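# Analysis of the macromolecular model
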Amino acid sequence: MSNKSNSPVATMGIDIGKNAFHVVGLDRRGAIVLRQRWSRGQVQARLANMPPCLIGMEACVGAHHLSRRLQLQGHDARLMPAKYVRPYSKGQKNDFRDAEAIAEAVQRPTMKFVATKTPEQLDLQALHRVRQRLVSQRTGIINQIRAFLLERGIAVRQGLRFLRAELPIILANRSDVLSPRMLRVIEGLMADWRRLDERIGGLSEEIEALARQDPACERLMTVPGIGPIISSAMVAAIGNGAVFTKGRDFGAWLGLVPRQISTGDRTILGPISRRGNRYLRALFVQAAWVVLVRTKDWDRYGLKAWIDAAKKRLHHNVLAIALANKLARIAWAVLNKERAFECVSTRATSSQPA
């Protein structure tokens, strides 16, 4: 379809597809003046000939690349989470109505946007996603080996290192319960395990090297419990953190705050919401456990008083989640303020004049 009027397009919504892009343009009064279906190759060429306008898209595969291209052309391209666009859809679902909903949503002053990722962020994110997939595959192989051994009455102590140490001994000495066929199967799984270990180790080394070269990652690694994996994953996910106004918003985006169901004067808090970046949330929970279990000098990081008080009223699992939320908020402040983590003692702050 062609333009319905000669009014210039002020706001545009683009529903991204694999090969077809559905475009709806609105004028300054909110009336639809453009409703067309473009191919992937036509999008940049056609928008290059149009005056700069506000362009909304859902944050999905390919959206960050297109957003960067359109920003270079002078357009104000913004990305939004798909779940925040859905309430603006009217009637039954089709691609043009989705594009119209996107155009409506991008104009809202309270809309929450997704920061456009740089190519470096996407490269780092790809490394993390491949590593996450390989770790998941390795866990599946380990669980399968354990299951095969348990079916033959062989139990191994929980923990990856125990299975790695005892498996060669079991294969060498337990031929009385393990058939030759099962021995070959488990040896094949061990070979897969070794290959995955090599690939995971290589990716971990590459991520660590990139983190050591990035000033933002170096600052994040001054926070207790945060190393190269968490710092690089955080930079890949949120950049400098400018999309959040405060650390509390970042913690809520990670899903580390209680799910709230409140009405009137009743406030009901449930388990954590588990929203946002699942991978990054799991990493911060692991960091919290590292601080609780392995870190002995909590006072060095200014956490001793807080942890001691929380231990008296919280279950240890709840304490780990609360500490993960606290670490996430500290990490956001370090990233956004571009300052390394510093522990200021209570005595020093209390002696300062108000």
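In this text, all values refer to a predicted model and were calculated from it rather than measured experimentally.

For the rest of this paragraph, the subject is the pattern of salt bridges. Oppositely charged side chains may form a pair once their charged atoms are brought near each other. According to the stated counting rule, one finds 13 salt bridges in the structure shown. A salt bridge links Asp 197 to Arg 138, with the shortest nitrogen-to-oxygen separation between them at 2.7 Å. Placement of the pair is Asp 197 in helix H7 (residues 180–213) and Arg 138 in helix H5 (residues 119–151), with a sequence separation of 59 residues. Asp 197 gets classed as partly exposed once you look at its relative accessible area, which sits at 22%. A relative accessible area of 17% places Arg 138 in the buried class. When the shortest N-O distance is used, the salt bridge between Glu 342 and Arg 339 registers 3.8 Å. Comparing Glu 342 with Arg 339, the two get one shared label, exposed. One salt-bridge network, in which partners are shared between bridges, spans Arg 138, Arg 164 and Asp 197.

This part takes up the environment of His 75. Inspection of the secondary structure assignment puts His 75 in the loop between helix H2 (63–72) and strand E5 (76–80). Residue class for His 75 comes out buried when judged on its relative accessible area of 5%. Note: C-alpha distance between His 75 and Leu 54 (21 residues apart in sequence) is 6.3 Å. Residues within four places of His 75 in sequence aside, it is in contact with Leu 47, Met 50, Pro 51, Pro 52, Cys 53, Ile 55 and Leu 70. A polar side-chain atom of His 75 sits 3.2 Å from the main-chain amide nitrogen of Cys 53.

Of note in this structure, Arg 274 is not a glycine but carries a positive phi near 55°. Among the secondary structure elements, Arg 274 is positioned in the loop between strand E7 (269–272) and helix H11 (278–293). The backbone of Glu 338 shows a phi angle near 55°, a positive value even though the residue is not glycine. With respect to the element layout, Glu 338 can be found in the loop between helix H13 (316–337) and helix H14 (346–351). Here Glu 338 falls in the exposed class, since its relative accessible area comes to 55%.

Judged by nonpolar contacts, the single largest core of 71 residues is most densely connected at Leu 149, Met 234, Phe 250 and Phe 284. Element by element, the count of residues in this core is highest for H13, at 12 residues. Counting 19 residues, the second-largest nonpolar core is a separate cluster that includes Ile 14, Leu 34, Leu 47 and Leu 79.

Turning our attention to the packing of aromatic side chains. Given two aromatic rings, one states the distance between the centres and the angle between the planes to describe the pair. Across all of its chains, the model carries four aromatic pairs by this definition. Consider the rings of Phe 244 and Phe 250, whose centres lie 5.5 Å apart with planes at 65°: the pair is edge-to-face. Of the two residues, Phe 244 and Phe 250, both sit in the buried class. Residues Phe 250 and Phe 284 carry aromatic rings whose centres are separated by 6.2 Å and whose planes lie at 75° to one another, so their mutual orientation is edge-to-face. Here Phe 250 is found in helix H10 (residues 247–254), whereas its partner Phe 284 is found in helix H11, with 34 residues between them in sequence. The pair Phe 250 / Phe 284 is uniform in exposure class, with both members buried. An aromatic cluster of three or more residues is present, and its members are Phe 244, Phe 250, Trp 253 and Phe 284.

What counts, and where the lines are drawn
- Residues numbered from 1 in each chain as written.
- Predicted model: local features only at pLDDT ≥ 70, side-chain atom pairs only at ≥ 80, totals over all residues.
- Heavy atoms only, no water.
- Salt bridge = Lys/Arg side-chain N within 4 Å of Asp/Glu carboxyl O.
- Helix = DSSP H or I, 4+ residues; strand = E, 2+ residues; numbered from the N terminus.
- Buried < 20%, exposed > 50% of the residue type's maximum accessible area, 1.4 Å probe, protein only.
- Contact = heavy atoms within 4.5 Å.
- Polar contact = N/O pair within 3.5 Å; in protein donor to acceptor, adjacent residues only side chain to side chain.
- Core = buried A, V, L, I, M, F, W, Y, C linked by side-chain atoms within 4.5 Å.
- Phe/Tyr/Trp six-rings, centres within 6.5 Å; stacked < 30°, edge-to-face > 60°.

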